[in-house]
Amino acid sequence: MLDRSYVVPCAKRGSVLGEAEVTALAELVQGGAPLSMGTWRDRFERSFAQLVDTRYAMTTTSGTVSLELAIQLLDLQPGDEVIATPQTYQATVMPLLDREVTVRFCDIDPMTLNIDPAAVEALITPRTRALLLVHYGGCPAEMDEIMAVARRHGILVVEDCAHALGADYRGRRPGSLADIGCFSFQNAKNITTLGEGGMVTFDRDDWALRLERLRGNDVDAQIEPEEWIDPDEPLVLPWMKYSAAVYSDRVTRIRRAGTNATMSEAAAAVGLAQLSRLDTLQGTRSSIAARLDAVLRRYPFVRPQQAPAHSGHAYHLYTCFADSRGLRDQLLLALDRRGVEIQLRYFPLHLTPEWRHRGHGRGECPVAESMWFDQHLNLPCHPGLRTSQVEYLVEALDESLAEVQAMAGGTAAPEPGAALTAG
């Protein structure tokens, strides 16, 4: 159904903006305060750190920049090895293309699409320095098992939490489950900061100092004190950027030049308002997911992505699986004919041209390949859907599944509409 509107579209915005955000922006614009590096950013960061339960939460201009800066903190050297999930958006691992490191893609769990803890240890070598994972669709990875392996081998772990705001794992929040957490507030995410924005979370003081320099157009360097050699006393005033430090510091190693990754005050103000509404927004996603689950349970050839019993799903994506490519493709087309927009996220990264160029290819992650090519699809599930659209989505899913089951010659299809309420 290309080139036409859908009755039930995938999210044009992943969140809902309203009076709270307008009020925050009006206060900022009318107040005369700075529009960069002001109190709104500080408040947003403090509130986010409190929510996630980390010592530091530091904003950036995007989730991609958050990942770039987090990987910079790992201090990877030529010849190092990094284990990564293939089932994620390309930004999770894109910064590794700029480094002379070996990437080992780890296969995934077919129930969650997250990195498989049982497959991690076999990929570890003496050169392994880090592991990059994602909480796919908002379903938390099995972090206790993954972190136990990482700690045994001295490996740093970065969790890409772009999908996972609103999730929980054994009573804890993603972003506090590994060494570094990275969040995105891009337009489609569970909360947004006016279209783009990111956050990095961690507990280490030294990383906070380095990240402050990196995002603030300073150099990420090793610095030692040095006595100023000019016989004349330099002019140093409190407001000068190049004040005492420019005379007293000596750089012994430059890791990387900094950049401007400063979140604007307007974005931070909206982010703070969105954060206060997270529980309501998350409740809407969970409610829609429960309706979809109820329909899928009635058909034996499909199943929803299943978060572990000790986890809470954020439902950034609602993902389900069919038993075969034929059934999946028939279901996708049946839904499309009924005006329900479907997505397939994400193409296995080890098969993309840039990673094939780096020596990766088919057969490397057979579960990830089978799940994407043969089984999985993503249904609309976001708080921007009207009640009438949710009702239509549930009805269209039920009718499409019944149609596919009848075409497949399986057992008698249930009467469409027999279980359209939450169960």
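Looking at an unreviewed UniProt entry, one finds the chain named DegT/DnrJ/EryC1/StrS family aminotransferase, with Streptantibioticus ferralitis as its source organism. UniProt, in its Sequence similarities (unreviewed entry) section for the chain, records the words "Belongs to the DegT/DnrJ/EryC1 family. L-glutamine:2-deoxy-scyllo-inosose/scyllo-inosose aminotransferase subfamily."

(A) Up close: the packing of helix α10 (residues 325–337) against helix α13 (residues 387–407). Viewed as axis vectors pointing N to C, α10 and α13 meet at an angle of 135°, and their least axial separation amounts to 9 Å. Judged on the interaxial angle alone, α13 and α10 are oblique. At the point where α10 passes α13, the crossing takes the right-handed sense. Note on element contacts: α13 touches α10 through Ala396, Leu397, Ser400, Leu401, Glu403, Val404 and Met407, opposite Leu327, Gln330, Leu331, Ala334, Leu335 and Arg337.

(B) Summary view of the sheet that holds strand β14 (residues 376–379). One open sheet accounts for 3 strands, arranged β11-β13-β14; its pairing is antiparallel. Single-partner strands in this sheet number two, and they are β11 (302–304) and β14. Neighbour-to-neighbour, the strand axes of this sheet turn through a mean angle of 30°, independent of strand direction. In the sheet, strand β13 (residues 318–322) pairs with β14 via 4 bridges, with the strands oriented antiparallel. Across the sheet, Phe321 pairs through a bridge with His376, a residue of β14. Along the sheet face, helix α9 (residues 278–296) touches β11, β13 and β14 and points at about 10° away from the line of β13.

(C) A look at the environment of Met111. On the secondary structure map, Met111 appears in the loop between β3 (102–105) and α4 (117–120). Of the residues examined, Met111 reaches a relative accessible area of 38% and is grouped as partly exposed. Along the chain, Met111 and Val219 lie 108 residues apart, while their C-alpha atoms are 43 Å from each other.

(D) Summary view of the packing of aromatic side chains. Considering all chains together, one arrives at 14 aromatic pairs under this definition. Centre to centre, the rings of Phe48 and Phe183 are 4.9 Å apart; their planes meet at 80°, and the pair counts as edge-to-face. Taken as a pair, Phe48 in helix α2 (residues 39–52) and Phe183 in strand β7 (residues 180–184) lie far apart in primary sequence, 135 residues in all. Of the residues examined, Phe48 reaches a relative accessible area of 0% and is grouped as buried.

How each quantity is defined
- Residues numbered from 1 in each chain as written.
- Predicted model: local features only at pLDDT ≥ 70, side-chain atom pairs only at ≥ 80, totals over all residues.
- Heavy atoms only, no water.
- UniProt positions renumbered as here; feature names shortened; annotations may be inferred.
- Axes fitted to C-alpha atoms, helices over the stretch in contact; angles between N-to-C directions.
- Helix = DSSP H or I, 4+ residues; strand = E, 2+ residues; numbered from the N terminus.
- Parallel < 35°, antiparallel > 145°, perpendicular 65-115°, else oblique.
- Left-handed = near helix turned anticlockwise from the far one by under 90°.
- Contact = heavy atoms within 4.5 Å.
- Pairing = 2+ DSSP bridges.
- Buried < 20%, exposed > 50% of the residue type's maximum accessible area, 1.4 Å probe, protein only.
- Phe/Tyr/Trp six-rings, centres within 6.5 Å; stacked < 30°, edge-to-face > 60°.

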